[in-house]
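Structure at a glance
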Amino acid sequence: MNGICTLANDTVSDQLIALLNSIEVILGSNIPVCIYPFDEDVQQIQAEIARRPNVFMYEDIASIQRWDKFMEAAAPERLNRQKFRLYGAHRRFCAFDGPFEKFIYMDADTLAMNSLDAVFDKLNESDFVVYDFQFTAPTKVYNFLSPKLLQIFDQNRINSEIFCSGFYGSKQGLFERDTREWLLSQLQSGEAEILYAGAGEQPLLNYMVMKTGMNSYNFAYSLPDGEKTGCSVTSKHFQARDNILYDKGNRLTYIHYIGVQPDLIRRVCAGENIEFPYRDLFLHYRYLREPSKRPIFTEPLMSYADISSLNLLQRVLRRLRIS
């Protein structure tokens, strides 16, 4: 059985609803969707799951604990709740134990924009399939100050194999016990120093895929320039038609609202008139099943950049008060 999986808790409930609605519209209401719990705060999303017969919560506690222990052993500093907002993000690794022989993982802050058949088909010949341009920013995955980096992975692999962990296709059973223990032994022998320290699970997953040498494929790296599309809200040139985004005439596979914080989404859904990229598209999918609840904005528009600057100022002021 094939399916879609994601990671969520109540903090991202608005994004999750939008994602599930986009999956229902684009991929159909029968495709199974498994949600991995980010933490124990899942009461709201449990209520949403109850309304969707194709959606279910992952309940294999042994698998969740196994990957919690793996993350703790592999990169314990990434389990610091104060330092890393994305505590719990590693639980997406449960998909390798999960119910789907082939799966596509999508972050809760993504929306499906097109059929995913091409990704599933590519999994017939590859073990790991992605569609993003993270390979152009390798310093967000690996520590280039480490002299060990190029001893472990050559520059050609770094230039071509790095990926974003927000969207990928893979297979059940790729990281069984012996493989996990071998990876941990390599990391604990000193290779952990090559992981970029400013992120959660993404550097570790890149390491796991690249270190095991599995056959991976990136549409963004391999497709001809005239066919590939972007996927991030940081790209401003996408065109919307009938609630689907296009990149120079090519339909996106998915859109990732990377960098748009859950708190900002909650404020917008509560009626604050804050702009962020492709906001109307997000609101369309968020309120697709309940259009009467879609917020009607009456206050002047505030830009995402203004809010980000204000939040930064508030953090600085808090630090000054503490010091």
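Please refer to the structure placed before this passage.
The rules behind each value
- Residues numbered from 1 in each chain as written.
- Predicted model: local features only at pLDDT ≥ 70, side-chain atom pairs only at ≥ 80, totals over all residues.
- Heavy atoms only, no water.
- Buried < 20%, exposed > 50% of the residue type's maximum accessible area, 1.4 Å probe, protein only.
- Helix = DSSP H or I, 4+ residues; strand = E, 2+ residues; numbered from the N terminus.
- Pairing = 2+ DSSP bridges.
- Expected span 1.5 Å × (residues − 1).
- Arc of directions from axis to C-beta.
- Contact = heavy atoms within 4.5 Å.
- Polar contact = N/O pair within 3.5 Å; in protein donor to acceptor, adjacent residues only side chain to side chain.
- Core = buried A, V, L, I, M, F, W, Y, C linked by side-chain atoms within 4.5 Å.
- Phe/Tyr/Trp six-rings, centres within 6.5 Å; stacked < 30°, edge-to-face > 60°.
- Lys NZ or Arg CZ within 6 Å of the ring centre and 35° of its normal.

With that out of the way, let us pick up the pairing of strand β2 (residues 33-37). Here β2 lies mainly inside the structure; five of its five residues are buried. Alternating residues of β2 divide into Val-33, Ile-35 and Pro-37 and Cys-34 and Tyr-36, and every residue in both groups is buried. The pairing of strand β1 (residues 2-8) with β2 spans five bridges and is classified as parallel. Bridge pairing links Ile-4 to Val-33 in β2.

This next bit is on helix α3 (residues 61-74). Between its first and last C-alpha, α3 extends 20 Å over 14 residues, near the 20 Å set by a 1.5 Å rise per residue. Regarding α3, the residues found buried are Ser-63, Ile-64, Trp-67, Asp-68, Phe-70, Met-71 and Ala-74. Across the axial projection of α3, the buried residues extend over an arc of 160°, all falling on one side. Those residues of α3 that are buried are in contact with β2, α7 (177-188) and α8 (202-211). Capping of α3 at its N-terminal end is provided by Asp-60; its side-chain oxygen lies 3.3 Å from the backbone amide nitrogen of Ala-62.

Phi angles above zero are rare outside glycine, and Asn-243 is one such case at about 65°. Along the chain, the position of Asn-243 falls in the loop between β9 (239-241) and β10 (244-247). A positive phi angle, near 55°, is found at Lys-248, a position not held by glycine. One can find Lys-248 in the loop between β10 and β11 (250-251).

Another aspect to go through is the nonpolar core. The biggest cluster of nonpolar side chains holds 100 residues, and the ones touching the most others in it are Tyr-142, Ile-255 and Tyr-257. Sequence-distant contacts of Tyr-142, that is, excluding residues within four places in its chain, are made with Leu-149, Phe-153, Ile-162, Ile-194, Leu-195, Tyr-196, Pro-203, Asn-206, Tyr-207 and Met-210.

Along the chain, Ala-192 falls in the loop between α7 and α8. For Ala-192, a relative accessible area of 29% corresponds to the partly exposed category. Sequence spacing of Ala-192 and Asn-143 is 49 residues, and the spatial spacing of their C-alpha atoms is 9.7 Å.

Under the definition given, this model contains 21 aromatic pairs. With centroids separated by 6.0 Å and ring planes inclined at 35°, the aromatic side chains of Phe-133 and Phe-135 adopt a geometry described as tilted. Note on Phe-133: relative accessible area 32%, which makes it partly exposed. Site record: aromatic cluster; members linked through ring pairs are Phe-96, Phe-103, Tyr-105, Phe-128, Phe-163, Tyr-168 and Phe-175. One residue, Arg-279, lies across the ring of Phe-297, its end atom 4.3 Å from the ring centre. Lying over the aromatic face of Tyr-287, Arg-286 brings its terminal NZ or CZ to 4.4 Å of the ring centre.

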